[in-house]
Amino acid sequence: DVMLALKGVEKVYNAGKPNAVEVLRGVDLELKAGELVALVAPSGSGKSTLLHIAGLLDSADGGDVAVGGERVPQVKGEGKRTALRRRDIGFVYQFHHLLPEFSATENIVLPQLANGVSDRQAQARAAELLALVGLEHRGAHRPAALSGGEQQRVAFCRAVANQPRILLADEPTGNLDPGTSDQVFEALMTLVRGSGMAALIATHNLDLAARMDRIVRLEAGRLVAG
Ligand code: ADP
Ligand code: ADP
């Protein structure tokens, strides 16, 4: 069951200009349901570009992207890419980007309401997710009242609230100390294992990468098995 398929994906910034940067030169990747894959890539190698294309936030200049078997048009101004992103993609960044004025629970409830889920169901799902990551007692707290690791666990809950097919994370433990990283990683594992999602997690932490199902490395614009 392939959740995400990238085939020959290319990306060039400033194409045709003297300062052109060929970042992706034919990236192939398949993520299957339930799979947790580590993306290891040095700074500047195109990791964010790749995650943004896989997350339907940016378009490729060549190659194909398919989500849940459905081909995603790589054209700007196409409503379809945005619709697929809202339905199928969850994204987590190095910084949590939670809404500061809202509680942890509300941060997980709001995207569900925007997706047409009833308030009662959204509250129930938020409570269930918070319990899964060990934060059942933190639902009423605003982000500023939570530790860094707690904020990231809430960010993961929010990202999976609408049951996306694909979870993407860009160095989600990059700001955390090793013990806290471990805790956040355990929470991530729990969320992915308990769902049919596929996850691609960019990390510099080789210990965490080694605990995922497999590692892919971005080298000279292509993905190689790590
Ligand atoms: P990473 O996340 O691995 O650090 P990025 O995907 O952010 O790498 O960037 C890869 C390369 O593409 C870098 O050389 C960067 O300077 C360049 N780049 C990224 N975004 C743009 C852009 N919008 N315009 C021009 N060059 C860019
Ligand atoms: P660390 O970042 O080392 O985990 P913190 O001092 O940030 O530790 O937080 C320790 C605990 O106290 C966490 O569980 C956090 O949720 C709670 N906490 C921190 N600040 C507040 C606050 N302003 N209001 C309520 N609880 C807080």
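Note that the structure is predicted; figures quoted are calculated from it, not measured.

Draft legend 1. Looking closely at the nonpolar core. If you look at the biggest cluster of nonpolar residues, it comprises 38 residues, and the most contacted ones within it are L36, I108, V154, F156, L167 and L188. Broken down by secondary-structure element, the contributors of at least two residues to this core are β3 (36-40), α3 (104-114), α4 (119-132), α5 (148-160), β7 (166-170), α6 (178-193), β8 (198-202) and α7 (206-210). It is α6 that contributes the most residues to this core, seven residues altogether. Core analysis: the second largest hydrophobic core is formed by 32 residues, L4, V27, A41 and V216 among them.

Draft legend 2. View of the sheet that holds strand β6 (residues 89-92). Taken together, the six strands give an open sheet; going across it, the order is β6-β7-β8-β3-β9-β10, and neighbouring strands pair in mixed fashion. Two strands in the sheet have a free side with no partner beyond their single neighbour: β6 and β10 (222-225). Strand-to-strand twist across the sheet, computed as the mean angle between neighbouring axes with direction ignored, equals 25 degrees. Bridge count for strand β9 (residues 214-219) against β10 is four bridges, and the pairing is antiparallel. Counterpart to R217 in the pairing with β10 is V224. Along the sheet, α6 makes contact with β3, β7 and β8, crossing β3 at roughly 135 degrees.

Scoring rules and cut-offs
Residues numbered from 1 in each chain as written. Chains lettered and ligands numbered in written order. Predicted model: local features only at pLDDT ≥ 70, side-chain atom pairs only at ≥ 80, totals over all residues. Heavy atoms only, no water. Core = buried A, V, L, I, M, F, W, Y, C linked by side-chain atoms within 4.5 Å. Buried < 20%, exposed > 50% of the residue type's maximum accessible area, 1.4 Å probe, protein only. Helix = DSSP H or I, 4+ residues; strand = E, 2+ residues; numbered from the N terminus. Pairing = 2+ DSSP bridges. Axes fitted to C-alpha atoms, helices over the stretch in contact; angles between N-to-C directions. Contact = heavy atoms within 4.5 Å.

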